[in-house]
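Structural overview for review
So the chains spell out like this:
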Amino acid sequence: MSNNSNRTNVPEAKEAMDRFKMEVANEIGVPLTNGYNGNLTSAQNGSVGGYMVKKMIEAQERQMAGK
């Protein structure tokens, strides 16, 4: 059995998550492109994912607070 964590749990959200990833990369100055990004360092790629998580948590906290 494959243990690939690089998948969208809700397939209908894949396009929105891809747009979100590109938006975050642009915000933090990482030159992410569609397709292969082997030219980027693991720190650059990790910063995109980390900032995505931070923004999602902030949005959830605002929702839970009723804002």
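In case you missed it, the structure is sitting above this.
Predicted model, so just to flag it, every value in this text is computed and none were measured.

**Here we look at helix α2 (residues 42-64)**
Its 23 residues give α2 an end-to-end C-alpha distance of 33 Å, which sits within 8% of 33 Å, the value for a rise of 1.5 Å per residue. Positive phi shows up at Gly66, right after α2, with a value of about 80°.

**Considering a nonpolar patch on the surface**
A contiguous nonpolar surface patch, about 250 Å² in accessible area, is contributed by Val53, Met56 and Ile57. Secondary-structure assignment places Met56 in helix α2. Its relative accessible area of 37% is what places Met56 among the partly exposed residues.

**What about the pattern of salt bridges?**
Inspection of the entire model under this criterion finds three salt bridges. Linking Glu27 and Lys55 is a salt bridge whose minimum nitrogen-to-oxygen distance equals 2.9 Å. Taken as a pair, Glu27 in helix α1 (residues 14-28) and Lys55 in helix α2 lie far apart in primary sequence, 28 residues in all. Looking at Glu27, the relative accessible area reads 43%, which means it is partly exposed. With a relative accessible area of 21%, Lys55 lands in the partly exposed category. Taken together, the shared-partner salt bridges in this structure form one network comprising Glu23, Glu27 and Lys55.

**Points about the environment of Arg62**
Relative to the elements of secondary structure, Arg62 occurs in helix α2. Of the residues examined, Arg62 reaches a relative accessible area of 44% and is grouped as partly exposed. Each C-alpha atom of the pair Arg62 and Gly29 lies 25 Å from the other, and the pair is 33 residues apart in sequence.

**Observations concerning the nonpolar core**
Counting eight residues, the largest nonpolar core consists of Phe20, Val24, Ala25, Val30, Leu32, Leu40, Val48 and Met52. At the level of secondary structure, the elements contributing two or more residues to this core comprise α1 and α2. Of all the elements, α1 adds the most residues to this core, at three residues. Those residues within four positions of Val30 in sequence are excluded, and the remaining contacts are Ala25, Leu40, Gln44, Ser47 and Val48.

Cut-offs used in this document
Residues numbered from 1 in each chain as written. Predicted model: local features only at pLDDT ≥ 70, side-chain atom pairs only at ≥ 80, totals over all residues. Heavy atoms only, no water. Helix = DSSP H or I, 4+ residues; strand = E, 2+ residues; numbered from the N terminus. Expected span 1.5 Å × (residues − 1). Patch = residues over 30% accessible without salt bridge, like charges linked within 9 Å, V, L, I, M, F, W, Y side chains within 5 Å. Areas by Shrake-Rupley, 256 points an atom, 1.4 Å probe, with all protein chains shown as cover. Salt bridge = Lys/Arg side-chain N within 4 Å of Asp/Glu carboxyl O. Buried < 20%, exposed > 50% of the residue type's maximum accessible area, 1.4 Å probe, protein only. Core = buried A, V, L, I, M, F, W, Y, C linked by side-chain atoms within 4.5 Å. Contact = heavy atoms within 4.5 Å.

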